[in-house]
Amino acid sequence: MRKTLLESLTHGSLTEPAPLPDDSALAELAAKVDRAAKARLGRSLAIREVDAGSCNGCELEIHALSNAFYDVERFGLRFVASPRHADVLLVTGPVTKNMRQALERTYNATPDPKWVVAVGGCAIDGGIFRGSYACVGGVSETIPVDLHIKGCPPSPTDLLKGLLALLEHVSGKR
Amino acid sequence: MGILDSIPHVQAVPSHRPWPRAVVTEAGWQAAIDRLVEGGLTLLGFWGEPAAVHMAMLDGGSAEIAVVTYECTSGTFPSVASRHPPALRLERTIHDLFGLVPTAADDLRPDLRPWLDHDAWGQSYPLAGRNASRDVRPYQFLPAEGEALHQVAVGPVHAGIIEPGHFRFTANGEHVVRLEQWLGYTHKGIEQLMQGADLATAAKLANRTSGDSAVAYAFAFARAAEAALDIQVPRRANYLRALMAELERLANHFGDIGAICNDASFALMHAQTGILRERCLRTADTAFGHRLMMDVIVPGGVAREVSPDGITALRTLLADIGEVFPRLIELYDNTASLQDRTVTTGIVKADYARQFGAGGYVGRASGRDFDARRTLAYAPYDHLSFEVPVLDTGDVNARVWIRIREVEQSVALIAQILDLMEPGEIRIAPPAGRGGCEGLALTEAFRGDVLVWLRLDGELRVERCHLRDASWFQWPLLETAIEGNIIADFPLCNKSFNCSYSGVDL
Ligand code: SF4
């Protein structure tokens with residue numbers, strides 16, 4: 001019974017409807033991220049996400065990277081629980097003053113070589129929250145940033161494109 | 001009998017809509033607190049201004065609301081929290097932002113520990129409009145003493161992709177004796193950024209108060225502005241707003257049902273609901289041009305029409321959900337290892353849910369029959385038919401079931417709206433020059449009611465705006481729900497609440 005149920009679930013939702021046209025482009029994009037990560041790091045890419053005061057919109061889209069449509073783990077992109085295991089810090093939010101120290105500590109806890117990607121309009125320059133007494137405004141004012149990914153929030157595809165750009169263009173730190 | 005009939009007040013404020021606001025003296029303020037303590041009224045909101053504090057209260061029976069205002073001529077106000085605990089964090093926030101001091105008899109001494117202020121802003125009382133220095137002392141967690149007890153500190157940076165906050169567990173072996181939360185890490189100063197902003201900018205800020213409730217916040221903000229200006233938006237705009245609100249509710253409930261199961265190590269459910277959530281977001285993108293539907297609802301209506309493809313996409317989405325979701329419900333219901341974790345775990349007592357006026361699935365899983373869409377019947381829900389599911393076991397399982405039933409209701413609501421919606425205008429321009437007015441609105445977000453109160457000046461700029469997330473009255477209940485459970489069940493309890501951090505830190 002259980003087995004049939006699981007099977008029907010799989011059939012019901014994974015093969016129907018036919019993949020959308022942009023999905024193949026997506027798979028290609030993600031595969032490129034995988035190859036670039038291996039070429040640069042000799043292994044997959046471990047990402048530690050840090051919410052530095054975001055509205056949580058960016059997190060929702062970062063989460064979406066792990067759903068069955070994007071399933072980035074297939075391509076060697078892994079979200080890890082500790083900065084000690086990370087190659088990349090994905091930072092969101094206008095860096096609230098209440099989070100600045102935690103962000104610095106997370107950065108310092110991440111071993112070299114490491115990259116920092118600022119995700120979303122807020123993380124670039126504070127975005128709509130710029131000028132507030134409670135925000136530092138922009139991740140680069142607290143820790144060095146290697147890449148900005150625009151959007152409010154950036155879509156999962158934007159995020160993948162950004163990570164690929166990071167891997168292809170930043171000069172090797174190792 | 002109106003709420004204000006039993007509360008002595010000095011004068012009513014005529015420009016406050018749609019519910020009354022009145023200025024009270026200390027006697028009136030204490031009478032209002034009495035009504036809250038007795039349980040006759042529910043605290044809906046409690047916020048400050050440089051020289052005044054306001055409380056919004058609900059009479060659940062008559063669905064009436066009133067706001068009382070106490071003018072703090074000497075920089076103090078009678079403490080609400082020392083008599084009515086649900087006001088505590090709001091009261092500490094008022095003190096942090098405005099420097100107003102709650103007073104009470106010595107044996108009820110108000111809790112003045114900072115809440116949002118982590119001593120990092122470089123200034124004290126940022127919304128007070130005057131410079132004053134504050135006594136800075138290291139933050140004190142509440143004590144829990146005993147030989148076998150130990151503490152576990154978690155956060156602000158957590159192991160998953162979640163918002164930052166600090167949790168201090170005191171445990172006896174595996175069992176949690178006390179949990180104390182300390183939030184404020186995502187405090188962005190939204191209410192100050194709103195001051196002086198035009199309606200469009202302020203609406204954008206409201207949209208970004210809590211990303212998962214972008215639609216609900218934009219909806220509440222727009223309705224508060226429209227109440228203040230005394231305008232009615234076109235019928236079609238109301239339908240489009242509700243379409244977005246229900247789509248947002250679906251996306252979040254799918255995400256949460258899966259995430260709760262995932263925290264009980266049942267990843268299959270997470271994968272399946274993740275697909276449904278993504279389909280909702282893609283439908284939103286097709287229909288409204290943004291996956292989270294930000295900046296579509298604006299004061300006066302909606303900023304853009306739903307695309308023709310969008311209507312088709314919405315109908316396809318409903319069909320997909322209709323096909324897959326019943327099987328997922330069956331799977332949830334028949335998986336003993338999952339039920340083993342969710343049944344009787346993290347119980348919120350019905351008394352607490354009532355006292356705190358807990359909204360959303362937290363309240364409704366513990367017997368509190370309140371849903372702003374029905375109790376306050378705002379457009380277009382006033383002529384849509386739907387049910388509000390209520391359970392009374394108050395555990396993780398009940399919160400999952402409320403969400404499951406709400407998914408079914410949202411699907412039916414979207415279908416109804418698609419059938420009822422007729423062509424027409426979608427936006428009217430806010431009238432110029434009708435300033436100096438105040439509005440209050442409540443909108444049902446996926447996790448409970450969002451309250452927005454605002455005052456506009458003569459040029460339709462925001463003079464003061466307060467946004468209150470449902471989480472204010474849910475977070476403290478999470479502290480009670482975890483007591484006696486094991487630490488390992490915390491993620492499960494926490495996920496079943498899914499309280500907002502950004503929405504309460506502001
Ligand atoms: S960029 Fe936009 S979605 Fe991301 S945290 Fe900032 S306001 Fe939210």
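To start, this report covers the structure provided alongside it. (Residues numbered from 1 in each chain as written. Chains lettered and ligands numbered in written order. Predicted model: local features only at pLDDT ≥ 70, side-chain atom pairs only at ≥ 80, totals over all residues. Heavy atoms only, no water.)

So, the sheet that holds strand β4 (residues 115-119) of chain A
Residues and elements named next belong to chain A. The parallel open sheet is built from five strands, whose spatial order is β2-β1-β3-β4-β5. In this open sheet, the two edge strands, each paired with only one partner strand, are β2 (77-79) and β5 (147-149). Going from strand to strand, the sheet's axes swing by 30° on average, the running direction of each strand aside. Examined bridge by bridge, strand β1 (residues 45-51) and strand β3 (residues 88-92) share five bridges and lie parallel to one another. Pairing of Ile47 across the sheet is with Val88, part of β3. The strands that helix α3 (residues 57-64) touches are β1, β2, β3 and β4; relative to β3, the one it contacts most, it runs at about 140°. (Pairing = 2+ DSSP bridges. Helix = DSSP H or I, 4+ residues; strand = E, 2+ residues; numbered from the N terminus. Axes fitted to C-alpha atoms, helices over the stretch in contact; angles between N-to-C directions. Contact = heavy atoms within 4.5 Å.)

Quick word on the packing of helix α4 (residues 199-207) of chain B against helix α5 (residues 214-229) of chain B
Axes are the key here: two packed helices are described by the angle between their axes and the distance separating the axes. Residues and elements named next belong to chain B. Closest axis-to-axis distance for the α4/α5 pair is 7 Å, and the angle between their directions is 145°. The two elements α4 and α5 cross, and the hand of that crossing is right-handed. Here Leu199, Ala202, Ala203, Ala206 and Asn207 of α4 come into contact with α5, specifically with Ala214, Tyr217, Ala218, Phe221, Ala225 and Leu229. (Left-handed = near helix turned anticlockwise from the far one by under 90°.)

Re the layout of surface pockets
The gaps left among the atoms become clear once a water-sized probe is rolled over them. Here the largest pocket is characterised by a volume of approximately 1500 Å³. Forming the boundary of the largest pocket are 49 residues, of which His63(A), Ile161(B), Ile162(B), Ala259(B) and Lys495(B) lie nearest the centre. Of all the elements in the fold, those that place two or more residues in the lining of the largest pocket are β1 and α3 of chain A together with β10 (166-172), α6 (235-263), α7 (267-288) and α15 (490-497) of chain B. Of the residues that constitute the lining of the largest pocket, the class distribution is 23 nonpolar, 15 polar and eleven charged. (1 Å grid on protein atoms, 1.4 Å probe; cavity = no way out; pocket = protein on both sides within 12 Å on 5 of 7 lines; lining within 4 Å. Points joined across faces, edges and corners; volume = space filled by probe spheres on them. Nonpolar A, V, L, I, M, F, W, Y, C, P; charged D, E, K, R; others polar.)

With respect to empty space enclosed by the protein
All names here are of chain B. Evaluated as defined, the whole model comprises six cavities of 30 Å³ or more. Roughly 140 Å³ of volume is contained in the largest cavity. Lining the largest cavity are 22 residues, and of these Thr93, Leu97, Glu191, His466 and Leu506 lie nearest its centre. When residues of the lining of the largest cavity are traced back to their parent elements, those giving at least two are β4 (42-49), α2 (88-98), α3 (190-194), β16 (462-468) and α16 (502-505). Of the residues that constitute the lining of the largest cavity, the class distribution is 13 nonpolar, six polar and three charged.

With respect to the sheet that holds strand β5 (residues 52-59) of chain B
Residue and element names in this part refer to chain B. Spatially, the five strands line up as an open sheet ordered β1-β3-β6-β5-β4, and their pairing is mixed. One side of each edge strand has no neighbouring strand; the edge strands of this open sheet are β1 (11-12) and β4. Note: β4 against β5, seven bridges, orientation antiparallel. Paired with Trp47 across the strands is His54, a residue of β5. Across the sheet, helix α1 (residues 26-38) touches β3 (21-24), β4, β5 and β6 (64-71), and the angle it forms with β5 is around 35°.

Observations concerning the interface of chain B and chain A
Contact with chain B, which involves 56 residues of that partner, is made by 53 residues of chain A. Both sides of the chain B and chain A interface together cover about 4400 Å² of buried area, and 62% of this is carbon and sulfur. It is Ile161(B), Lys188(B) and Arg282(B) in chain B that bury the most area against chain A; as a group they hold 17% of the surface buried on that side. The interface formed by chain B and chain A includes one salt bridge. For the salt bridge of Arg291(B) with Glu61(A), the shortest nitrogen-to-oxygen distance reads 2.4 Å. If you look at where chain B meets chain A, you find 18 residue pairs in polar contact (both at pLDDT 80 or more). Secondary structure elements with two or more residues in the side of chain B that touches chain A: α3, α4, α7 and α8 (308-334) of chain B. In terms of residue count, the dominant contributor to the side of chain B that touches chain A is α7(B) (nine residues). (Buried area = accessible area lost by both parts, 1.4 Å probe. Salt bridge = Lys/Arg side-chain N within 4 Å of Asp/Glu carboxyl O. Polar contact = N/O pair within 3.5 Å; in protein donor to acceptor, adjacent residues only side chain to side chain.)

Some remarks on the pairing of β10(B)
All names here are of chain B. For β10, a buried count of five out of seven residues is recorded, marking the element as mostly surrounded by other parts of the structure. Sheet topology places strand β9 (residues 149-154) next to β10; six bridges connect them, and they run antiparallel. Within the sheet, the bridge partner assigned to Leu149 lies in β10 and is Asn172. As defined by bridge partners, β10 adjoins strand β11 (residues 175-182) across seven bridges and the pair is classed as antiparallel. The residue bridging Phe167 from the neighbouring strand is Gln181, located in β11. Hairpin connection of β10 to β11: two residues between the antiparallel strands, including Gly173 at a positive phi of 65°. (Buried < 20%, exposed > 50% of the residue type's maximum accessible area, 1.4 Å probe, protein only.)

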